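A structural walkthrough
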Amino acid sequence: MLPDTTGGGRVEVTVHVNGVPHSATVEPRRLLSDFLRHDLGLTGTHVGCEHGVCGACTVLVDGEPMRSCLMFAVSAQHHQVTTVEGLAGADGGLGPEQRAFVECHGLQCGFCTPGFLTTVTAFLRDNPQPSAEEAREAISGNLCRCTGYQNIVRSVLRAAEIRAGRAADCAGPPAGQPTAPPAGEAVG
Amino acid sequence: MKPAPFVHHAPRTVEEAVAVLGEVGHDGKVLAGGQSLIPVLNMRLATPAHLVDINAVAGLDTVEVRGGAVRVGALARQRRVERSEEVAAALPLLCEALTFVAHPVIRNRGTCVGSLAHADAAAELPAVLALTGGVVEVVGPGGRREFPVADFFRGALETALAPDELAVAARFPLLPPGTGTVFTESARRHGDYALAGVAAAVSIQDGVVSSARASFVSVTDVPLVLDVTEAVRGQEAPLARWDGAADLVHDVVDPESDIHASAGYRRALVTELARRAFADAASRAVKEGDSAA
Ligand SMILES: Cc1cc2nc3c(=O)[nH]c(=O)nc-3n(C[C@H](O)[C@H](O)[C@H](O)COP(=O)(O)OP(=O)(O)OC[C@H]3O[C@@H](n4cnc5c(N)ncnc54)[C@H](O)[C@@H]3O)c2cc1C
Ligand code: FES
Ligand code: FES
């Protein structure tokens, strides 16, 4: 007999999302992004391009950031998924990355923000004290059409400070950036 | 857009996977990391009736250095291979090339073997498999067989794999002692597919260049290895002049024009990238010789 898990029809899928098991009956072609948004009502995960380019749909699967638009819900069975809704601090308030983005104006319309937050959360876990250059590289797979990225880089560095319990602010340019335009360049 | 409906198969063993592939034939596709296949399904550029999801197949997530090669199983994610200290020590070229494959988040799920099976002319890993003289291990209804790299890639997005065959692993042979390697490329933005790229390997013996070879990304249909040793033979490694080698690169590549760059630009770009890659690989070979001494 063929090990066909679907019989071609709908299947019951159970995924652990933010620590809670959620089940729904879906077609195997259901993308994890749509499963989260439409079947579970967790609309924090955003969908931009559906081909892996924009990063808005990034969630953590077993702690590692992955594109939820490039995974099927059936493939997420038996795995732990963390969405932006699961990034709150222990007290239920904003987590360190979320606080940093608020403080440093790391978002404008907010469409891209859930994908940045999940990506940055995993990045700072692996690299708690990044340089500005490393922060820039860490977010290079996420597109933002509003901010121009400068404040997002600041937010990443600020989040590292908050996690380390250091007080500081996000004023000024990210470390390693020129403070003034190069000589001779017209301003304004 | 969303994928067209398909039947999802989740085999647990290689034998089961091959059996299902045999039954569904041309209507079936292997699903590994999905980082190339799912975009294609989402855009409905392909509408296979069956997906054979190998993510639950036992024993395919191996990464090992043995028998003079790095061997990666079909479920070894790109990011894991890139971060393996054992692989970095044995074949730094592979880890360096992986840093240019998409973004870390894509590499968390994409597999090395999937990248080879996809056979995109703009992909990095086929060039590395070619330069190292690697092998793809395949299981089909007739049992196990191996494809040397020269027989595996048939054209852009085309390999020798039959619809009922599963690639179970790839082996990237280690390079001889005294060899320095470089992977470099140029893309519009970091993480995009490269306009042009080069993998170079330069060996030195008694201070002079004894071998210099390169393979390319985005400028040939199938990965090709160019041996430029004659253009530099006998030259002292750190001082070697690579102009003759660069000329050979210029003449052998066959890029196409597209919206990102003209064929002429790609040819000029890969020639210059190769010149630098050879020089840097020679420096690394010298350094490697120094630290081994
Ligand atoms: C935004 C973005 C940017 C990218 N940039 C790059 C880049 O710069 N360079 C690059 O090289 N790649 C890039 N990729 C592709 C990525 O590296 C893929 O992970 C890789 O090409 C395919 O690996 P996969 O495991 O995801 O394979 P899948 O997507 O699952 O499969 C790809 C193809 O190979 C077949 N296949 C897979 N595994 C097997 C197997 N074991 N046996 C037989 N057939 C198999 C599938 O049937 C399918 O046809 C990018 C992807 C995205 C989304
Ligand atoms: S919606 Fe998934 S990467 Fe754009
Ligand atoms: S804040 Fe609007 S896209 Fe990033």
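As a reminder, the structure under discussion sits directly above these lines.
Counting from 1, residues in each chain are numbered in the order their sequence is written. Chain labels run from A onward and ligand labels from 1 onward, assigned in the order the entries are written. In keeping with the predicted nature of the model, local features appear solely for residues at pLDDT of at least 70, side-chain atom pairs appear and are counted solely at 80 or more, and the whole-chain, interface and lining totals rest on all residues. In computing side-chain values, all of the structure's heavy atoms are included and hydrogens and water are not.

All names here are of chain B. Two strands make a pair as long as DSSP finds a minimum of two bridges between them. Runs of H or I in DSSP of at least four residues are treated as helices and runs of E of at least two as strands, each being numbered from the N terminus. The strand order across the open sheet formed by 3 strands is β1-β3-β2, and the pairing between neighbours is parallel. Sheet topology places β1 (7-9) and β2 (28-31) at the edges, where each strand pairs with a single neighbour. Strand-to-strand twist in this sheet, taken as the mean axis angle between neighbours without regard to direction, amounts to 25 degrees. The pairing of β1 with strand β3 (residues 50-53) spans 3 bridges and is classified as parallel. Of the residues in β3, the one forming a bridge with His8 is Leu51. Relative to β3, helix α1 (residues 14-24) is tilted by about 170 degrees, and along the sheet it contacts β1, β2 and β3. Fitted lines through C-alpha atoms serve as axes, helices being fitted only where they are in contact, and the angles separating the N-to-C directions of these axes extend from 0 to 180 degrees. Only heavy atoms enter the contact rule, under which two residues are in contact if any of them lie within 4.5 Å.

Residues and elements named next belong to chain B. Grid points spaced at 1 Å over the protein atoms alone were grouped into cavities, where a 1.4 Å probe fits but cannot get out, and pockets, open sets with protein on both sides within 12 Å along at least five of seven lines, with lining residues defined by an atom within 4 Å of a point. Grid points are joined across faces, edges and corners, and a volume is the space filled by probe spheres set on the points. Under the defined criterion, the tally for this structure stands at 4 cavities of 30 Å³ or more. In this structure, the largest cavity encloses a volume near 90 Å³. Lining the largest cavity are 13 residues, with Asp120, Ala121, Pro126, Asp221 and Pro223 sitting closest to its centre. The set of elements that each furnish at least two residues to the lining of the largest cavity consists of α8 (125-132) and β8 (153-155). Only Asp, Glu, Lys and Arg are considered charged, only Ala, Val, Leu, Ile, Met, Phe, Trp, Tyr, Cys and Pro nonpolar, and every remaining residue, Gly among them, polar. Residue composition of the lining of the largest cavity, grouped by class: 9 nonpolar, 2 polar and 2 charged. Per the annotation, domain bounds derive from an automatic or database assignment of domains. Counting only domains with at least three residues in the lining of the largest cavity, you end up with domain 2 (63-173) and domain 3 (179-292).

The next subject is the packing of aromatic side chains. Residue and element names in this part refer to chain B. Only Phe, Tyr and Trp rings take part, Trp by its six-membered ring, and two of them pair if their centres are within 6.5 Å. Stacked means planes under 30 degrees apart, edge-to-face means over 60, and tilted covers everything else. Using the criterion set out here, one finds 5 aromatic pairs over all chains in the structure. Considering the side-chain rings of Trp242 and Phe278, the 5.1 Å spacing of their centres and the 15 degrees angle between planes classify their relative orientation as stacked. Note that Trp242 is positioned in the loop between α10 (229-232) and α11 (243-252) and Phe278 in helix α12 (residues 263-292), a separation of 36 residues in sequence. Pair check on accessibility: Trp242 and Phe278 agree, each one buried. Each member of the aromatic cluster is reached from another via a ring pair, and the members are Phe147, Phe152 and Phe153. Burial here depends on accessible area, computed with a 1.4 Å probe over protein chains only, as a share of the maximum for the residue type. Under 20% is buried, over 50% is exposed, and the range in between is partly exposed.

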